[in-house]
Amino acid sequence: MKYSQKVLDHFMNPHNIGKLENPDISATEGSPACGDQVSIDLKINPKTLVIEDIGFQSYGCASNIATASIITDMAKGKTLEDAKQVTWKEAAEELDGLPPAKMHCSVLAVDTLRKAIKEYEISHGLAKAEAFSKLTIVKELKQVIYPKVGEDIVSLKMVKYVGFKEGVATVDVDVPSFDQYRENIAEEIREHLKQFPEITKVIVTL
Ligand code: FES
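Since the structure is predicted, the reported quantities are computational estimates derived from the model, not experimental observations. Sequence order as written defines the numbering, with residues in each chain counted from 1. Local features are withheld for residues below a pLDDT of 70 in this predicted model, meaning they are given only at 70 or higher, and side-chain atom pairs are given and counted only at 80 or more; totals for whole chains, interfaces and linings count all residues. Only hydrogens and water are set aside when side-chain values are computed; all heavy atoms of the structure are taken into account.

### A look at the nonpolar core
Part 1: Judged by nonpolar contacts, the single largest core of 36 residues is most densely connected at Ile40, Leu42, Ile44, Ile51, Ile54, Ile71 and Leu113.
Part 2: Secondary-structure elements contributing two or more residues to this core are strand E1 (25-30), strand E2 (37-44), strand E3 (51-59), helix H2 (62-75), helix H3 (80-83), helix H4 (88-94) and helix H5 (103-123).
Part 3: Only DSSP runs of H or I with at least four residues qualify as helices, and only runs of E with at least two residues qualify as strands; both kinds are numbered from the N terminus onward. When residues of this core are assigned to their parent elements, the largest contribution, nine residues, is made by H5.
Part 4: The contact criterion used is simple: two residues touch if any of their non-hydrogen atoms lie within 4.5 Å. The residues contacting Leu113, other than those within four sequence positions of it, are Ile40, Leu42, Ile54, Ile71, Ala75 and Ala83.
Part 5: One finds Leu141, Val162, Ala169 and Ile199 within the second-largest nonpolar core, a separate group that totals 20 residues. Put simply, buried Ala, Val, Leu, Ile, Met, Phe, Trp, Tyr and Cys residues joined by side-chain atoms within 4.5 Å make one nonpolar core. Think of it in three bands: residues with accessible area under 20% of the maximum for their type are buried, residues over 50% are exposed, and the middle band is partly exposed, with areas taken using a 1.4 Å probe on protein chains only.

Dropping the structure here:
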């Protein structure tokens, strides 16, 4: 697997690494694809809502560390509103690209940052917790990356149907029968959706 020089630089000398003292908010996310984890701490100016300091801890691969490093650089000094607009694609571009099979690592870093921002906003009355709906499932499926091309399965129009009734989430995905990532995608969908307490069963049809 070939990494850009920038990935290697951030992996060897990660920026913003470590826990912050008395952070205003912390969040941890795990990647269903590989089991790796990232934690992010934020210090936020309550008046300007600017991220004044940020620190991360990573329990994962080189891309995990490199993307957490770049994402914390990108978020530092931004308002919460601007920081949550940072996308995993921008993070990967900032690193001069990631191998397609490693794109989920940048999703993990961005997800963790967004989770921390969301939790700060909810705890400070700046946002309301979203009611769970079918849309929540579709949003979550945008975090599932098709490793062959490094794009998410919703943008690639591989998701043909999403249903949610009485705790059962049904997802119909179009993956060719000969595709080597078929089972991998189904497993990742199940892992992503299992984290919602509203979902008691996940049915994936390929
Ligand atoms: Fe696990 Fe990269 S392989 S985050």
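### Some thoughts on the side chain of Ser4
Part 1: Within the secondary structure layout, Ser4 lies in the segment before helix H1 (5-12).
Part 2: Residue class for Ser4 comes out buried when judged on its relative accessible area of 15%.
Part 3: Apart from the residues lying within four places of it in its own chain, the contact partners of Ser4 are Leu95, Asp96 and Gly97.

### A look at helix H7 (residues 182-194)
Part 1: Here the expected length of a helix is defined as 1.5 Å per residue gap, with one fewer gap than residues. For H7, with 13 residues, the first-to-last C-alpha span of 19 Å sits near the 18 Å given by 1.5 Å per residue.
Part 2: Buried residues of H7: Ile185, Ala186, Glu188, Ile189, His192 and Leu193, and no others. Around the axis of H7, the buried residues are gathered within 165° of arc, so they sit on the same side. Exposed side of H7, more than 90 degrees from the buried face: Glu183 and Lys194 are the residues found there.
Part 3: On the buried face of H7, the contacting elements are helix H6 (134-141), strand E4 (145-146), strand E7 (168-173) and strand E8 (201-205). Throughout, the arc means the angular range of directions from the helix axis out to the C-beta atoms.

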